[in-house]
Amino acid sequence: MSEPTGPEEPGDHPLINDVRTPGPVVRVRMLSGDIGYAVTRAAEAQHVLCDPAFSSAATFLPRAPAEPREPVGSSRVLFEMDPPEHTRLRRAVAQAFNRRRVEAMRAGIAEVVDGLLDDTAAGGPPADLVQSLCAPLPLTDICELLGVPREDRDSFRGWAETIMALRGHSPPEIDRARAAIQRYFVDLVAARRAEPADDLVSELLTVRDREERISEAELVRLAITLLIAGHGPTMNQLARSVYALLTRPDMYAALHRDPELVATAVEELLRTVPSVPVGTPRLALRDVEVGGVPIPAGSTVAVSSLAANRDPALFADPEVTDLGRIDNRHLTFGHGPHFCIGAQLARTEMRMALAALTRRFPDLRLAVPPESIRWRTDSLFHGPMELPVTW
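Quick caveat: nothing in here was measured; it's all calculated off a predicted structure.

**Let's talk about the packing of helix H4 (residues 106-123) against helix H6 (residues 136-146)**
H6 packs onto H4 with a crossing angle of 145° between their chain directions and a minimal axis gap of 10 Å. Our pair here, H4 against H6, has a crossing hand that is right-handed. Judged by residue contacts, Ile109, Val112, Val113 and Leu116 of H4 engage Pro136, Leu137, Thr140 and Asp141 from H6. Considered class by class, the residues forming the contact of H4 with H6 number 6 nonpolar, 1 polar and 1 charged.

**Considerations on the packing of aromatic side chains**
Using the criterion set out here, one finds 5 aromatic pairs in the structure. Pairing Phe361 with Trp391 gives two aromatic rings, centres 4.9 Å apart and planes at 75°, and the pair type is edge-to-face. Of this pair, Phe361 sits in the loop between helix H14 (343-360) and strand E11 (365-366) while Trp391 sits in the segment after strand E12 (388-390), and the two are 30 residues apart along the sequence. Trp391 sits in the partly exposed class, given a relative accessible area of 22%. Aromatic ring contacts, followed pair by pair, group Trp159, Tyr184 and Phe185 into a single cluster. When the ring centre of Phe315 is taken as origin, the NZ or CZ atom of Arg271, which lies over that ring, is 5.0 Å away.

**Overview of the sheet that holds E12**
As summarised here, the arrangement of the 3 strands in space is E5-E12-E11, forming an open sheet in which the pairing is antiparallel. Every interior strand has two partners, whereas the edge strands, strand E5 (127-128) and E11, have only one. With 2 bridges connecting them, E5 and E12 associate as antiparallel partners. Counted as the bridge partner of Ala127 is Val389 from E12.

**Side note on the pairing of strand E3 (residues 35-39)**
Judged by how many residues are buried, E3 sits mostly within the fold: 4 of 5 residues are covered. Two elements, strand E2 (residues 25-29) and E3, share 5 bridges in a ladder whose sense is antiparallel. Looking at the pairing, Arg29 lines up with Ile35 of E3. The pairing of E3 with strand E9 (residues 300-303) spans 3 bridges and is parallel. Each bridged residue has a counterpart across the sheet, and for Tyr37 the counterpart in E9 is Val301.

Definitions and cut-offs
- Residues numbered from 1 in each chain as written.
- Predicted model: local features only at pLDDT ≥ 70, side-chain atom pairs only at ≥ 80, totals over all residues.
- Heavy atoms only, no water.
- Axes fitted to C-alpha atoms, helices over the stretch in contact; angles between N-to-C directions.
- Helix = DSSP H or I, 4+ residues; strand = E, 2+ residues; numbered from the N terminus.
- Left-handed = near helix turned anticlockwise from the far one by under 90°.
- Contact = heavy atoms within 4.5 Å.
- Nonpolar A, V, L, I, M, F, W, Y, C, P; charged D, E, K, R; others polar.
- Phe/Tyr/Trp six-rings, centres within 6.5 Å; stacked < 30°, edge-to-face > 60°.
- Buried < 20%, exposed > 50% of the residue type's maximum accessible area, 1.4 Å probe, protein only.
- Lys NZ or Arg CZ within 6 Å of the ring centre and 35° of its normal.
- Pairing = 2+ DSSP bridges.

Structural data, given as structure tokens:
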């Protein structure tokens with residue numbers, strides 16, 4: 001099932017302007033007001049994402065005394081690090097997200113999906129799928145994995161969304177959210193040390209005690225990373241994907257008729273409507289050239305997966321949404337050392353959610369005109385703020 005990608009879904013992201021400007025690397029004005037560079041072609045994007053000349057950690061260092069935020073040190077998370085520190089900590093947690101572990105989670109994920117859709121059916125129509133499915137599914141799964149009690153999960157969602165905000169929150173508000181989530185995990189680690197449970201925090205404590213590869217402060221840092229990365233991107237990606245399908249009813253109907261299409265459909269929706277259309281910026285540590293464009297040391301560089309995913313050098317008919325596309329090497333999960341550690345879990349959640357949704361609600365449709373839906377423009381994660389549906 002194929003269809004041209006239409007203009008009806010907001011695709012640009014406020015971090016940079018006009019990410020679809022022709023050329024592999026373009027000068028843009030960043031949200032901060034600084035002039036930086038957007039990488040818009042796949043080969044150059046892969047170069048930047050793998051080249052140690054571009055630092056994630058340096059991007060988050062305070063640049064002036066007037067900027068009091070300190071997103072480094074004990075509160076620094078994986079996407080704010082460079083190798084070898086990043087490599088060491090990532091290796092400690094990678095086992096939790098391998099294919100075998102995620103496959104073992106499938107029954108639990110299916111139970112969560114079915115329960116959420118039961119509640120959706122009982123409470124509607126209409127219903128807001130962001131609140132009834134897209135937000136609680138990944139939050140429940142990552143909190144179950146980490147061992148966070150059910151009653152604490154709403155607080156986690158608020159903290160995570162504040163930390164990842166591009167605007168709308170003051171630096172002190174963001175610092176308070178960081179401090180709150182860090183205190184919570186410090187206490188949770190202490191509780192699991194006293195009384196281990198069947199969760200990832202207890203497992204990481206065992207790794208720490210046996211191999212001393214990570215400190216307890218680093219363990220807390222990993223837990224924060226996993227919470228943020230395991231919730232926001234998938235919530236918004238699922239919501240964006242459902243929106244895309246509901247604004248193209250033939251595509252939604254195709255998934256209802258042929259559930260085997262879901263796996264490739266998820267990859268194509270990841271390619272065409274990524275929830276992180278612009279990746280975390282990096283800082284050039286030295287003068288470097290990308291795609292024939294000289295980039296001076298100290299420049300901010302951001303990869304646009306939204307643009308790179310439509311590179312005709314990598315994808316045939318890149319502007320066409322083809323739910324059956326087989327060769328789909330999109331960059332939505334990144335590339336290189338910072339490739340999304342939770343990609344397998346996110347894929348599984350999306351496949352199971354879309355399969356169940358299209359099976360149980362074959363006539364699902366938007367309950368409001370598409371143009372009336374409000375979109376997040378204040379976060380690294382881009383998606384609808386609500387998704388009113390009926391059936």
